Amino acid sequence: MNNSVICIKTVPYQEILNLRDSLERLESWKEPLEVLEKYFTNPTTPINKKQVVKQYYASAKLFETFNKEFELLIAESQKQLAIITQNQNS
């Protein structure tokens, strides 16, 4: 028993923090996306063309910003997961 070595593979704490930060950044989009959902799922209000154009433009910009950030966060998260997985296998 004394000669046996127990090998414990751990995830570096910094990798855990990086992943947590990515999840927090994704979570920060929850409220703005709820605004977009409300805008696009509210067909019962009367249509004011000027208002619709303004809201559509703002919503499109918000979505464009979110989409870029989301793609970046997904790429970062996949990279972090690959690093963690690689560290566990080595």
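Residues numbered from 1 in each chain as written. Predicted model: local features only at pLDDT ≥ 70, side-chain atom pairs only at ≥ 80, totals over all residues. Heavy atoms only, no water.

A. Spatial organisation of the side chain of serine 77. Looking at where serine 77 falls in the secondary structure, it is placed in helix H3 (residues 49-89). Look past the residues within four positions of serine 77 in its chain and what remains in contact with it is Leu19 and Ser22. (Helix = DSSP H or I, 4+ residues; strand = E, 2+ residues; numbered from the N terminus. Contact = heavy atoms within 4.5 Å.)

B. Highlighting a nonpolar patch on the surface. On the surface, Phe40, Ile47, Val52 and Tyr56 cluster together into a nonpolar patch covering about 460 Å² of accessible area. You can see isoleucine 47 is positioned in the loop between helix H2 (30-40) and H3. (Patch = residues over 30% accessible without salt bridge, like charges linked within 9 Å, V, L, I, M, F, W, Y side chains within 5 Å. Areas by Shrake-Rupley, 256 points an atom, 1.4 Å probe, with all protein chains shown as cover. Salt bridge = Lys/Arg side-chain N within 4 Å of Asp/Glu carboxyl O.)

C. Main features of the pattern of salt bridges. As enumerated under the stated definition, the model contains 6 salt bridges in all. For the salt bridge of aspartate 21 with arginine 20, the shortest nitrogen-to-oxygen distance reads 3.8 Å. Look at aspartate 21 and you get partly exposed, because its relative accessible area is 33%. The exposure class assigned to arginine 20 is partly exposed, which follows from its relative accessible area of 42%. In this structure, glutamate 64 and lysine 68 form a salt bridge, with 3.5 Å as the shortest nitrogen-oxygen distance. Placement of both glutamate 64 and lysine 68 in helix H3 is noted, with a separation of 4 residues, approximately one turn of the helix. A residue is classified by how much of its surface remains accessible, and lysine 68, at 55% relative accessible area, is exposed. Bridged by salt links that share partners, the residues Arg20, Asp21 and Glu24 form one connected network. (Buried < 20%, exposed > 50% of the residue type's maximum accessible area, 1.4 Å probe, protein only.)

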